[in-house]
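If you want the building blocks of each chain, they are given just below.
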Amino acid sequence: EAAPALTRFANSSPQSFMNGIKAARQQIVARSDEDRADFLRKRGFSKAESGKITGIGGRTNAVAATISATQEISKRLITVEFVTVLNEQAPWEFRPTVSSIQVHPGQLYDTAFFARNLTDGMLVGSAVPSVAPGQAAKYFIKTQCFCFTQQNFTAGEGRDMGVQFMVDPALPEFIDRITLSYTFFVNRPATAQLISGPIAGSTT
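Residues numbered from 1 in each chain as written. Predicted model: local features only at pLDDT ≥ 70, side-chain atom pairs only at ≥ 80, totals over all residues. Heavy atoms only, no water.

(A) Just the packing of aromatic side chains, in detail. On inspection of all chains with the given rule, the structure shows 13 aromatic pairs. Between phenylalanine 140 and phenylalanine 165, the ring centres sit 4.9 Å apart and the planes meet at 15°, which makes this aromatic pair stacked. In this pair, phenylalanine 140 is assigned in strand β6 (residues 140-145) and phenylalanine 165 in strand β8 (residues 158-167), connecting sequence segments 25 residues apart. Look at phenylalanine 140 and you get buried, because its relative accessible area is 1%. Counting every residue linked through ring pairs, the aromatic cluster contains Phe82, Trp92, Phe94, Tyr109, Phe113, Phe140, Phe146, Phe153, Phe165, Tyr182 and Phe184. In this arrangement the basic side chain of arginine 159 is found over the ring face of phenylalanine 153, its NZ or CZ atom lying 4.0 Å from the centre. (Phe/Tyr/Trp six-rings, centres within 6.5 Å; stacked < 30°, edge-to-face > 60°. Helix = DSSP H or I, 4+ residues; strand = E, 2+ residues; numbered from the N terminus. Buried < 20%, exposed > 50% of the residue type's maximum accessible area, 1.4 Å probe, protein only. Lys NZ or Arg CZ within 6 Å of the ring centre and 35° of its normal.)

(B) Expanded view of helix α5 (residues 188-196). Where α5 is concerned, the buried positions are Ala190, Thr191 and Leu194. Down the axis of α5, the buried set is contained in an arc of 105°. They therefore lie on one face. Across from the buried face of α5, at angles greater than 90 degrees, the exposed residues are Arg188, Pro189, Ile195 and Ser196. Measuring from the backbone nitrogen of alanine 190 back to the side-chain oxygen at the start of α5 gives 3.1 Å, which picks out asparagine 187 as the cap. (Arc of directions from axis to C-beta. Polar contact = N/O pair within 3.5 Å; in protein donor to acceptor, adjacent residues only side chain to side chain.)

(C) Quick peek at the sheet that holds strand β2 (residues 92-96). Within the open sheet, the four strands sit side by side as β2-β4-β8-β6. Their pairing is antiparallel. Each end of this open sheet is capped by a strand with a single partner; those strands are β2 and β6. Averaged over all pairs of adjacent strands, the angle between their axes in this sheet comes to 25°, without regard to strand direction. Sheet topology note: the β6/β8 ladder contains five bridges and is antiparallel. Pairing of glutamine 144 across the sheet is with glutamine 164, part of β8. (Pairing = 2+ DSSP bridges. Axes fitted to C-alpha atoms, helices over the stretch in contact; angles between N-to-C directions.)

(D) Quick peek at the nonpolar core. Core analysis: the largest hydrophobic core is formed by 31 residues, its most contacted members being Phe146, Ile178 and Tyr182. Elements that contribute at least two residues to this core include exactly β1 (78-85), β2, β4 (109-117), β5 (123-132), β6, β8 and β9 (177-186). A per-element tally of this core places β9 first, with five residues. Apart from the residues lying within four places of it in its own chain, the contact partners of phenylalanine 146 are Phe94, Phe113, Ala127, Gln151, Met161, Gly162, Val163 and Tyr182. (Core = buried A, V, L, I, M, F, W, Y, C linked by side-chain atoms within 4.5 Å. Contact = heavy atoms within 4.5 Å.)

(E) Representation of unusual backbone geometry. Put simply, alanine 132 and proline 133 share a cis peptide bond, and its omega is -5°. Among the secondary structure elements, proline 133 is positioned in the loop between β5 and β6.

(F) The arrangement of the side chain of arginine 76 in detail. Its place among the elements puts arginine 76 in the loop between α4 (47-54) and β1. Among the polar contacts listed, one links the side chain of arginine 76 to the backbone oxygen of glutamate 173, at a separation of 3.4 Å. Apart from residues no more than four positions distant in its own chain, arginine 76 is found in contact with Val103, His104, Pro105, Pro169, Leu171, Pro172, Glu173 and Ile175.

Right, dumping it as structure tokens:
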């Protein structure tokens, strides 16, 4: 029954379809996690409700955590996905070195994200992490992370930036997949300071 309609679609001009895509893009009200949360908050949704709708809102630790040497390692397997977010026209190449890994809660793991400065000048980058689902954030523990400090880049420089993390064995049983997302942006005040002099607490 669908064959005639599919045939007509296949033989038709794609212009109307492309026009529809362009029109939809013009109606976009949010292009980042923060934009989406802000859009919902302005329309009366609470912070918790916004986090449930967008799947974000889970902020991880902002400083290095310390893990006990006797930490118990679970036999359970959790999939951790890695995602990167860039604003439009951001002067970076930014991506995870692997898209996902399977981990045992209680065990430390290392991964990395690659970033490259696409400009012909120095830049300072700062990263903001988030975890989905939001309920998993307090169970996702970072012991090392490039997001803890500003990242200095010379013109055209590219490098891997490391993350060491552990999933707490107390992670609720109904969660079997976690997404760690980083938004990487140009820290313009720090970039201006880098050009004029060294920045304390930064990484090159």
